[in-house]
Amino acid sequence: MKDLKLTQSFSMIALNAQNSLYLTTVKKVALRCMAASVILEVLLDNHTGKGWNTVDLRNIAFPDSEEYCQAVLEPMQHKKVNASRPLSLKQCLKSASALSGKRLKKLEKSVADSLRSQDLIEEIPNLLGCDLYFDSAGVPYMEYRSNIPEYAAITETVKAEILENGPVTDETVCMLWLLRESGCFSDFFSLNDLETVAVRMNGLYYQNPLAKALYPIRIRRGAELAVKQFLHWKKRIFKRPFAAGINFVYPVLERSQSVFIDTEAWFSNSDKRLEDVKNRLKLYGHTFTVLQTGAVPIIKIDNLVYKAVPQAIYGRVPIHGVRLMPRLPF
Amino acid sequence: MSRQRTMDVILASEYVSIGELVRITGCRYSTLKFYTEENMLPFEQAEQNLTRRYRREETVKRIQWIKKLKEDGLSIPQIKNVLQTAPKKERGPD
């Protein structure tokens, strides 16, 4: 495992599986927390032992800091220069998380570049990009994928520290707060573990000065977090067999679980249909293996197994093709 | 409290925590916890706080050994048996 800064570690979790080309609401939640993590990183690196309630940005030299730090600290420069005394931690975190969309994009780019230079993150095509509507509209769909062993090492280290008795490092205290504010807790901890985490965080609040200063602060935005939780819930629901059947009939409910690939000709046979699907997958750079041929072929695409069910959709003219449905159970 | 130790410091220290073992071996926390509870990984526990400390070199060697035995197709009870019956020198301190 590499020695990563707090922002880099958190970004590997926050950016994983996010759309890399567009600023979606879910990604905005992640980026706001990434901006806050920059402030926490500065706080940890420049801590003088005088307490955690204030952040003194006046002594931080911009040229020395990382590029992604500058993306967050630059907009706060006027506050930093004009401030006669250090800013409060709450004030700093709130200002960082309230950056404009343009600034957040700049932050994303600089963090992604720093991770990419260490081979810790890459951009991969999302299967939804092969869908008729995305393909014909010329809308590319790429997403981030974090380096899996490094991602696992970061999340497992956090788990080990918080679920095990004993001291908790400052990085883990901050990481837990960031995970809470970005609404990622339930992705990493089981229901049983969540109870333990709640008890431990409560304990930390009373024992650890950093946790005492940090944990009462809220930077989350209700509407954005609600959208994130709703989309997460919807995706989970449509992975169930019954809901997957409904999604086959009404794919608009959850497009990512019901991708339609059009075939070149009407009434083409199963071999030609499969050939068209393979061509489309190749075009967008997916790795795939055909596990079973026939009327409903089974294809393993990017480590997930799909059934390619023949279907026609009707607009002004009927379009024949196949619908890729995840094979259940996974 | 304390900052996270860098990899260089961890790799130079005699004792490590379970979190640090996760970082240096790449194993899951739940796996290491299971090995510890099954007495496959020896540890020391200070009285005043309940933190488990592992001897870095011996524990990492033992984890690699367990991984190899698993790759050879041995089940957990068989691996435990091998670890217990191995000569003291190979087994490391209990």
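Residues numbered from 1 in each chain as written. Chains lettered and ligands numbered in written order. Predicted model: local features only at pLDDT ≥ 70, side-chain atom pairs only at ≥ 80, totals over all residues. Heavy atoms only, no water.

(A) How the structure looks around the sheet that holds strand β3 (residues 52-55) of chain B. Residues and elements named next belong to chain B. Taken in spatial order, the three strands line up as β1-β3-β2 in an open sheet, and their pairing is antiparallel. The sheet terminates laterally at β1 (15-16) and β2 (44-45), the two strands that pair on one side only. Where β1 lies against β3, two bridges are found, and the strand directions are antiparallel. Its bridge partner lying in β3, Val16 is registered against Tyr54. In the packing of helix α4 (residues 56-71) onto the sheet, the strands contacted are β1 and β3, and the crossing angle to β3 comes to about 80°. (Pairing = 2+ DSSP bridges. Helix = DSSP H or I, 4+ residues; strand = E, 2+ residues; numbered from the N terminus. Contact = heavy atoms within 4.5 Å. Axes fitted to C-alpha atoms, helices over the stretch in contact; angles between N-to-C directions.)

(B) A look at the interface of chain A and chain B. With 22 residues of chain A at the interface, the matching set in chain B holds 18 residues. Interface of chain A and chain B: buried area, both sides summed, is about 1,900 Å²; carbon and sulfur atoms make up 51% of it. Linking chain A with chain B are five salt bridges, by the criterion used here. Across the salt bridge formed by Glu164(A) and Arg52(B), the nearest N and O atoms sit 3.0 Å from each other. (Buried area = accessible area lost by both parts, 1.4 Å probe. Salt bridge = Lys/Arg side-chain N within 4 Å of Asp/Glu carboxyl O.)

(C) Molecular detail of the environment of Phe188(A). All names here are of chain A. Within the fold, Phe188 resides in helix α10 (residues 185-188). Taking relative accessible area as the criterion, Phe188 reaches 14% and is therefore assigned buried. Separated by 33 residues in sequence, Phe188 and Thr155 place their C-alpha atoms 7.5 Å apart. In this view, Phe188 contacts Ile13, Tyr151, Thr155, Lys159 and Leu179; residues no more than four positions away in its chain are not counted. (Buried < 20%, exposed > 50% of the residue type's maximum accessible area, 1.4 Å probe, protein only.)

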